[in-house]
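One-letter residues, chain by chain:
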Amino acid sequence: MDGEDESLGAVMVDDPAFPNGSVDSDAARATVVGGGDQMDVEAYAALYTGRTRVARLLFIAERCGSEAVQLEALRMAYDEIRKGEDSHLHREVSAKIAGRLGPQYVLDQAWADSVDRRAEQRKEKLENELNGYRTNLIKESIRMGYNDFGDFYYAHGQLGDAFKSYVRTRDYCTTSKHIIQMCLNVILVSIELGQFMHVSNYVSKAEQTPDSLDAVTIAKLRCAAGLANLEAKKYKLAARKFIETGPELGNNYTEVIAPQDVAVYGGLCALASFDRTELKKKVIDNINFRNFLELVPEVRELINDFYASRYASCLEYLENLKPNLLLDIHLHDHVNTLYTEIRHKAIIQYTLPFISVNLHTMAGAFKTSVTGLEKELEVLITNNQIQARIDSHNKILYARHADQRNATFQRALQTGTEFEREIRAMLLRANLIKHESNLKSARKL
Amino acid sequence: MKWPPAEPHSVEWTGEAYLSGPISSDQAGGFLLSVVDFINSCSGDQIRLAPDKFIQVCKRLKDQVMQLQVPLQGVALRTAIRKLQTSSEQLTTIHSDFLLLCILAKSYKTGLSILEDDILEVDQPRDLFLYYYYGGIIYIGLKRFRTALECLHNVVTAPMTTLNAIAVEAYKKYILVSLILNGQVPSFPKYTSSTAQRNLKNHTQPYIDLSACYASGKYSDLEAFIQSNVEKFQSDNNLGLVKQVLSSLYKRNIQRLTQTYLTLSLQDIANAVQLKTPKEAEMHVLRMIQDGEIFATINQKDGMVSFHEDPEQYKTCEMAEHIDSTIQRLMALSKKLRSIDEQISCDPAYVSKIGRERPKFDFDDFDSVPHRFI
């Protein structure tokens, strides 16, 4: 059982015999996918469809620390790409595999060539059709022509061209339905390109159409808006958008996001940015969002733990989730910020009801050492997020309530001195200016 | 040289006797004495009628005194100032000369009596720059950093159309004094002239880098930076001040600790502030307690320092009197401000400008405003 490393356990990462030439990992970026929960690549990939499945698999392959997971991801990516029509990706993936998966998973030049040839032919056909429609000036056909072009480019991985084609359909949209379709297409391409400004723009455009939208579309738009906010680090807005997503989303937007992701993103952002009342009202008591949370019970548990002040278990859930979250293409660079925020909030919430807190008990509750805790508290106190003082000798934290009366006197006296200083300087300057203007008028005369 | 009977003819005598030609060194001593005598005995009213010649005499005195390297004898200029001023709020050309002599003589306290008057009337803007610059230096010498900062602030924010060297030097000292006092350099207030805002920073780059280094809070970094730039600071005669900035960094770091901790061991203080031994930390803390910069007690047995709140309760009679006198002073200032405001609103130049910009009304709506101002 030791020899059989089917379990893909933690041992792999530390084993020096492993070739790490092929794993391109910065020390800082590569995460250790070890320990208890190993990522189930197949189950994860099954949640998505289309290009995002490939993109996610490639991301996992790049970031995970273990060769076995990487190869698994690459293998699945290869299979997925073969079903599509993107020869560039095929070349890329084959290069990454570098022959490690056997003769079946190598660069298939013949296939790539045939795909390219087919692409050329289709492109010519589409161009001819489009030209024909343009001369005939039939709006609807032109729109469909550009749309088809967009789909074609998207399938072949030429995302910039796809974006341009989709945007061009805008001029030929006649009904709201067309506009929605155009917006959704543009949003899809923009998300993949990472241009979230466009995502926000087109979400608002879509929401402004005069006809009312159906529930699924609204849910899709909310998710897209949430993603845009997440990228822009506006966690509160992102949380709100994700929480407002209706359960009608279901599996209708798997080319972008899975409902589990909605739960995770929404839950974490909410935990990091909402205050207690908002958390209760919008997340815990929210029936719609509960449907999403059911899909990821860990997130549900950790939110409940946080609200009930069971910080140790909350932080434990978070730690367990962390490795998988670092492999998520949208969330990975926000994980650390969000986690620090959540931890700070937990500490602040812990100290709020007390006059004095024993640092030993607190360190136990947060599973950290007393010195480490002291350092964290110091940062929070300096930033004025906790009103307290540390008694380093006895290791106690005392709450401190500012004396309003003294503070008022102090501020009043200070304002008085500042006023005096400012006014005197101002009178001096006014005098100088008057003198200058007198000189000038004297010179004029 | 004999004196005529003093009062009625002081003015005539100044012209001839003292401005004629260079004075040889043996005559110099006598010259000084007679000028000083003259200044002490002349009549203020007469002097005010013909100030130029008097100013020239004083300038001559200053030059002589500096040449002979006996600046202390120039103290007579203080009386000269009082006699020349029409009011204690007026700035004359002699003010800056007087302060310069005080600085050269290193007797800062002599300059204080003049410095403590508020200046509100200025004849020559150039006098102002020099006066406040020297004033700043004097206050720095007396370690009254807050007033020094005010003086230097006046130089830096004075209206100016072209950059002058005095402002540049003043800004350098301004940066250093702000760091000692507040730990940071404030940005230019809105009323600073655009010339100053645009150009001052270009000429004072090492000081700006110094303030950036200070902001990081690490003593060793700051020390290294100062070492590498020691010639520049030396050539500006600011090295002493820079060293004070360095020692103020410890104080600032210790003060930050008082905000976070109730008690802290001397060892931890030494570590946090980058001092080498707890003994040094104790020394610093002790000095700060004595200077009244923090409130704390040191327990030598445990090696612990307990920080306290400011014990001021604002309940004593002295405090009530202090508050009362401040209020009175501010009310007087306010009244003065209002009177100046009224003066300006009646000023013909102002009214005509406002009148021009006003929208033109129908004559019937308004007949109290003369046509001239529409």
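If you look chain B up in an unreviewed UniProt entry, it shows as COP9 signalosome complex subunit 3 from Ananas comosus. Note on chain B: under the UniProt heading Sequence similarities (unreviewed entry), the record states "Belongs to the CSN3 family."

Chain A is annotated in an unreviewed UniProt entry as COP9 signalosome complex subunit 1 of Ananas comosus.

Here we come to the overall build of chain A. Broken down by element type, chain A carries 21 helices and three strands. The contacts in chain A between residues at least 6 apart in sequence include a share of 61% that link residues at least 24 apart. Roughly 22400 Å² of accessible area belongs to chain A as shown, and the carbon and sulfur atoms make up 53% of that amount.

Turning next to the UniProt feature "coiled-coil region" (unreviewed entry) in chain A. The sites that carry the UniProt feature "coiled-coil region" (unreviewed entry) are, in the present numbering, residues 116–143 of chain A. This span, residues 116–143 of chain A, is 93% helix and 0% strand, and a straight line between its end C-alpha atoms measures 25 Å.

Attention now moves to the interface of chain A and chain B. With 34 residues of chain A at the contact, the number on the chain B side is 44 residues. Between chain A and chain B the total buried area reaches about 3600 Å² when both faces are included, carbon and sulfur atoms providing 61% of it. When residues of chain A are sorted by the area they lose upon contact with chain B, A:Leu427, A:Leu428 and A:Arg429 head the list and together hold 17% of the total. Inspection of the region where chain A meets chain B yields two salt bridges. Between B:Glu309 and A:Arg400 there is a salt bridge, and its shortest N-O distance comes to 3.0 Å. Contributions of two or more residues to the side of chain A that touches chain B are made by α20 (370–382), β2 (388–391) and α21 (404–444) of chain A. With 22 residues, α21(A) is the largest single contributor of residues to the side of chain A that touches chain B. A class-by-class count of the residues in the side of chain A that touches chain B yields 14 nonpolar, eight polar and twelve charged. Across two bridges, the pairing between β2(A) and strand β3 (residues 261–265) of chain B is parallel. Looking across to β3(B), one finds that A:Asp391 is bridged to B:Thr263.

Here we come to a nonpolar patch on the surface. All names here are of chain B. On the surface, Ile344, Tyr350 and Ile354 cluster together into a nonpolar patch covering about 260 Å² of accessible area. Position of Ile354 relative to the elements: it lies in helix α19 (residues 348–357). According to the relative accessible area criterion, Ile354 is partly exposed, its value standing at 34%.

Residues and elements named next belong to chain B. With 17 residues, helix α4 (residues 51–67) extends 24 Å from end C-alpha to end C-alpha; this agrees with the ideal 24 Å at 1.5 Å per step. Restricting attention to buried positions, one finds in α4 the residues Phe54, Ile55, Val57, Cys58, Leu61, Lys62, Gln64 and Val65. Two residues or fewer past α4, Gln69 is found with a positive phi of approximately 60 degrees.

Once that is clear, we can look at the packing of helix α6 (residues 93–105) of chain B against helix α7 (residues 108–115) of chain B. A pair of packed helices can be characterised by two numbers: the angle between their axes and the separation between those axes. Residues and elements named next belong to chain B. Two elements in contact, α6 and α7, have axes separated by 8 Å at closest approach and are oriented at 160 degrees. For the element pair α6 / α7, the angle class is roughly antiparallel. Considering how the two elements wind past one another, α6 and α7 form a crossing that is left-handed. On α7, the residues that touch His95, Phe98, Leu99, Cys102 and Ile103 of α6 are Tyr108, Thr110, Gly111, Ile114 and Leu115.

Residues and elements named next belong to chain A. One pass over the structure, following the stated rule, counts 36 salt bridges over all chains. Taking the shortest distance from any N to any O, the salt bridge between Arg343 and Glu376 comes out at 2.9 Å. Of this pair, Arg343 sits in helix α18 (residues 335–351) while Glu376 is found in helix α20, placing the two residues 33 residues apart along the sequence. Three or more residues joined by partner-sharing salt bridges are found here, namely Lys236, Arg240, Glu278 and Lys282.

Turning next to the sheet that holds β3(B). If you walk across this open sheet you meet the six strands as β1(A)-β3(A)-β2(A)-β3(B)-β5(B)-β4(B), and the pairing is mixed. Here the strands that pair on one side only, and so sit at the sheet edges, are β1 (356–358) of chain A together with β4 (296–299) of chain B. Sheet twist, expressed as the mean angle between neighbouring strand axes with direction ignored, is 20 degrees. Packed onto the sheet, α20(A) meets β2 and β3 (396–399) of chain A together with β3 of chain B and runs at close to 150 degrees relative to β2(A).

On to the environment of B:Arg287, then. With respect to the helices, strands and loops of the structure, B:Arg287 is situated in helix α17 (residues 278–290). In this structure the C-alpha to C-alpha distance between B:Arg287 and B:Lys251, which are 36 residues apart in sequence, comes to 9.7 Å.

Turning next to unusual backbone geometry. A negative phi holds for most residues other than glycine; trans holds for most peptide bonds. In this structure, A:Lys395 takes a positive phi of about 55 degrees despite not being glycine. Mapped onto the elements, A:Lys395 comes out in the loop between β2 and β3.

Attention now moves to the environment of A:Thr52. Structurally, A:Thr52 can be placed in helix α3 (residues 50–63). Linking A:Thr52 and A:Leu188, residues 136 residues apart in sequence, is a C-alpha distance of 9.6 Å.

Bringing the packing of α7(B) against helix α8 (residues 125–141) of chain B into the picture now. All names here are of chain B. Running from N to C, α7 and α8 cross one another at 130 degrees; their axes reach a closest spacing of 10 Å. As summarised for this structure, α7 and α8 are arranged oblique, according to the angle between their axes. With respect to the hand of their crossing, α7 and α8 are arranged in left-handed fashion. Residues Tyr108, Leu112, Ile114 and Leu115 of α7 lie in contact with α8, whose contacting residues are Tyr131, Gly135, Ile138, Tyr139 and Gly141. Taken together, the residues that form the contact of α7 with α8 break down as seven nonpolar, two polar and no charged.

Attention now moves to the state of the cysteines. When the sulfur atoms of two cysteines share a covalent bond, that bond is a disulfide. Residues and elements named next belong to chain A. Applying the stated rule across the entire model yields zero disulfides over all chains. Sulfur of Cys183: no disulfide; nearest cysteine sulfur belongs to Cys173 and is 7.8 Å away. What makes Cys183 buried here is its relative accessible area of 0%.

Here we come to the pairing of β3(B). Residue and element names in this part refer to chain B. Burial analysis of β3 places four of its five residues in the buried class, which makes it a mostly covered element. Pairing of β3 with strand β5 (residues 304–307) involves three bridges; the strand directions are antiparallel. Bridged to Thr263 within β5 is Ser306.

This next bit is on helix α15 (residues 287–295) of chain A. All names here are of chain A. If you check which residues of α15 are buried, you get Phe289, Phe292 and Leu293. Seen from one end, α15 has its buried residues packed into an arc of 100 degrees, which puts them on one side. One side-chain oxygen at the N-terminal end of α15 lies 3.0 Å from the backbone nitrogen of Asn288; it belongs to Asn286.

What counts, and at which threshold
- Residues numbered from 1 in each chain as written.
- Chains lettered and ligands numbered in written order.
- Predicted model: local features only at pLDDT ≥ 70, side-chain atom pairs only at ≥ 80, totals over all residues.
- Heavy atoms only, no water.
- UniProt positions renumbered as here; feature names shortened; annotations may be inferred.
- Helix = DSSP H or I, 4+ residues; strand = E, 2+ residues; numbered from the N terminus.
- Contact = heavy atoms within 4.5 Å.
- Areas by Shrake-Rupley, 256 points an atom, 1.4 Å probe, with all protein chains shown as cover.
- Buried area = accessible area lost by both parts, 1.4 Å probe.
- Salt bridge = Lys/Arg side-chain N within 4 Å of Asp/Glu carboxyl O.
- Nonpolar A, V, L, I, M, F, W, Y, C, P; charged D, E, K, R; others polar.
- Pairing = 2+ DSSP bridges.
- Patch = residues over 30% accessible without salt bridge, like charges linked within 9 Å, V, L, I, M, F, W, Y side chains within 5 Å.
- Buried < 20%, exposed > 50% of the residue type's maximum accessible area, 1.4 Å probe, protein only.
- Expected span 1.5 Å × (residues − 1).
- Axes fitted to C-alpha atoms, helices over the stretch in contact; angles between N-to-C directions.
- Parallel < 35°, antiparallel > 145°, perpendicular 65-115°, else oblique.
- Left-handed = near helix turned anticlockwise from the far one by under 90°.
- Disulfide = S-S within 2.5 Å.
- Arc of directions from axis to C-beta.
- Polar contact = N/O pair within 3.5 Å; in protein donor to acceptor, adjacent residues only side chain to side chain.

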